[in-house]
2 protein chains.
Amino acid sequence: MKGKVTTNIAMQLTRAKAFAPASVANVAVGFDLLGFSADVAGDTAVVEKIDEPQVVVGEVTGLMTSLPLSPLENTATAGLVRLVRDRKLNFGFRVSIQKGIPLGSGLGGSAASAVAAIVAANELLEARLTLNEMLSYALIGEGVASGSFHADNVAPSLFGGLTLAAMNETAPNELPTVTVSELPIPEGLWCVLLHPNQRLDTKQARGILKPHLQLNSHIEASANLALFMTALFTSDFDLIRRSLRDDVIEPQRAHLIDGFYEYQKAAYDANALGCTISGAGPALFAWARGEAHAIAVKTSMLQATSGLARAWAFELKRSGARVVS
Amino acid sequence: MKGKVTTNIAMQLTRAKAFAPASVANVAVGFDLLGFSADVAGDTAVVEKIDEPQVVVGEVTGLMTSLPLSPLENTATAGLVRLVRDRKLNFGFRVSIQKGIPLGSGLGGSAASAVAAIVAANELLEARLTLNEMLSYALIGEGVASGSFHADNVAPSLFGGLTLAAMNETAPNELPTVTVSELPIPEGLWCVLLHPNQRLDTKQARGILKPHLQLNSHIEASANLALFMTALFTSDFDLIRRSLRDDVIEPQRAHLIDGFYEYQKAAYDANALGCTISGAGPALFAWARGEAHAIAVKTSMLQATSGLARAWAFELKRSGARVVS
């Protein structure tokens, strides 16, 4: 009976608003797989029901330069276009976005827009989507932005916390699906995020990657990944320090980020547990143990930028996307 | 005081015997890194003190064809040669080996000999080695056999159970050291081992591997590794089934093993959680849930070989090397 009541209320709703946080993808050892939410910034989507079964891009405000107006090319709406089709809805959506995450920052901006839009749209559905279904639709939007399907930003932005998101094998026309594991967060784990005053195109940062790697590099990267996973499940900060490093992608992308090695060195000078690129960059993240340590790392990194960057220090938490009205 | 007493007894010992179990390396997702002990077969070493500070290869019996008599080239003794030198011992060792693991089986025979020898020799030392030091010395012996240092057989044979063994960075002349994590074993996890009537040279099986892999393969393999680690820590058998697969090494080595795909298919016909090559082969391992399931998998695999193989079914346990007299 409770479900019926909820359904009736949902049917009356014509407008919903949702917030989705920024996120840090790759996390040094899990390229395209690992990510964690960074609830210090985020995008907000307002989705309104419209009579026609189509999706319209509404207002876009905030930290934006330009955004595609075609709903199929727009990160926030491409998933909703698919949703309208899959569900054979007799109504559509008008989607407005308030960007709190700069594009091309490496902080999961396109994923956050896609997640916020689907979370808000879901409020307007008679039969709600599961979290995993929302993930699939958000992924379609994210695919528009990055040119390939990987849920390393979408999953943490939606679920919150630290997630492992592995693509399942699906036929080309099927909705992409993901196996998501919500990973444990050792108590007292803090993150420092540094966003240098620079913009990097995600597709460019992906395009420069070599299509292959040495078997030895694969083995070393696998060792670090397995040690890192063990560290999370056993709250072993020494093992985080031993394993939180990226010798595969970082060396290929570091030159795209002005001052990368200076900022990274500044993090290690302050004894960071690890420090590398956030997503495709140019943002960097570092991990620290406890607030005081995080603030010391943040201060050291900010000094290295001569103040030409924004920085945050925050405790890792399981805070993901949510409906805000 | 207790330590002192032990030391006195140790000084009186002139002969010690130790057993080290077989092991399954790689475990589909952790090439060169993961391994588990298979305490259904093993090697036994008898180490005797001799007056000269040197190492002598004594009798070799059991499942052997030939073994190098030079102590530096012999798996079981190369680590002891280094030990005598490092410790500046004023005595040496005579090492006899009873091989219970056929060479070139993919069941960690050379590692077991090296482990059994160092565990027995350790009993004759005034100042005992730590487990990690024993691992380092056993690794030197294993390095002789495989041509490179990786502890994926040595670690499980010594520690028992399922281990993650990552090589640390050390200078070329330093004793190699390893970061070992003893991984949790989900309750009711069983293994089926199949040893076809064939011998494979480890160096050959390594030599055919391509020196690089596609970035996409690396990402998929990393996804499986991370899911597998999660599965172990959360006892999630569905996730073991999802992740226990090797799309990097198996396709390159399968053709070296007569009937590999038939045996693997037989395992999956019996609903195995996963099935691939054990170490460098030709042995295969499959995982199953519970004894009845393991026996069904074993029966199916044995039928596919027309009986031309040995097979075991056993529960995964934390049983490693031990002194036996």
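Higher on the page you've got the structure.
Residues numbered from 1 in each chain as written. Chains lettered and ligands numbered in written order. Predicted model: local features only at pLDDT ≥ 70, side-chain atom pairs only at ≥ 80, totals over all residues. Heavy atoms only, no water.

**Focus on the packing of aromatic side chains**
Next up, step 1: Following the criterion strictly, the structure yields 13 aromatic pairs over all chains and no others.
Next up, step 2: Between A:F285 and A:W287, the aromatic rings sit 6.2 Å apart at their centres with planes inclined by 65°, giving edge-to-face as the arrangement. With respect to class, A:F285 is no different from A:W287; both count as buried.
Next up, step 3: Considering the side-chain rings of B:F260 and B:Y261, the 5.1 Å spacing of their centres and the 75° angle between planes classify their relative orientation as edge-to-face.
Next up, step 4: Given a relative accessible area of 1%, B:F260 falls into the buried group. (Phe/Tyr/Trp six-rings, centres within 6.5 Å; stacked < 30°, edge-to-face > 60°. Buried < 20%, exposed > 50% of the residue type's maximum accessible area, 1.4 Å probe, protein only.)

**Side note on the interface of chain B and chain A**
Next up, step 1: At the interface, 34 residues of chain B touch 34 residues of chain A.
Next up, step 2: For the pairing of chain B and chain A, the buried interface totals around 2800 Å² over both sides, and the portion due to carbon and sulfur atoms is 71%.
Next up, step 3: The largest per-residue losses of area from chain B upon contact with chain A belong to B:L215, B:H218 and B:F233, which jointly make up 19% of the total buried on that side.
Next up, step 4: B:R245 is the partner of A:E169 in a salt bridge, and the nearest nitrogen-oxygen pair spans 3.7 Å. (Contact = heavy atoms within 4.5 Å. Buried area = accessible area lost by both parts, 1.4 Å probe. Salt bridge = Lys/Arg side-chain N within 4 Å of Asp/Glu carboxyl O.)

**Overview of the relation of the copies chain B and chain A**
Next up, step 1: Under the fitted operation, chain B is carried onto chain A by 0.0 Å of movement along the axis and a turn of 180°, and the coordinates agree to an RMSD of 0.0 Å. Taken together, the turn and the small shift mark the pair as related by a two-fold rotation axis. Within chain B, the C-alpha atom positioned nearest to the axis of rotation is that of B:L213, 2.8 Å from it.
Next up, step 2: An overlap of 100% is found between the interface residues of chain B and their copies at the interface of chain A, pointing to a shared contact surface. (Least-squares fit on C-alpha atoms with pLDDT ≥ 70 in both.)

**Brief notes about unusual backbone geometry**
Next up, step 1: A cis amide bond links A:G281 to the next residue, A:P282, at an omega of 5°.
Next up, step 2: Inspection of the secondary structure puts A:P282 in the loop between β9 (274–277) and β10 (284–289).
Next up, step 3: One non-glycine residue, A:K88, lies in positive phi territory at about 50°.
Next up, step 4: Counting through the fold element by element, A:K88 comes out in the loop between α2 (78–86) and β4 (92–99).
Next up, step 5: We classify A:K88 as exposed; its relative accessible area is 71%.
Next up, step 6: Despite not being glycine, B:V27 shows a phi value in the positive range, around 50°.
Next up, step 7: Topologically, B:V27 is positioned in the loop between β1 (15–25) and β2 (34–50). (Helix = DSSP H or I, 4+ residues; strand = E, 2+ residues; numbered from the N terminus.)

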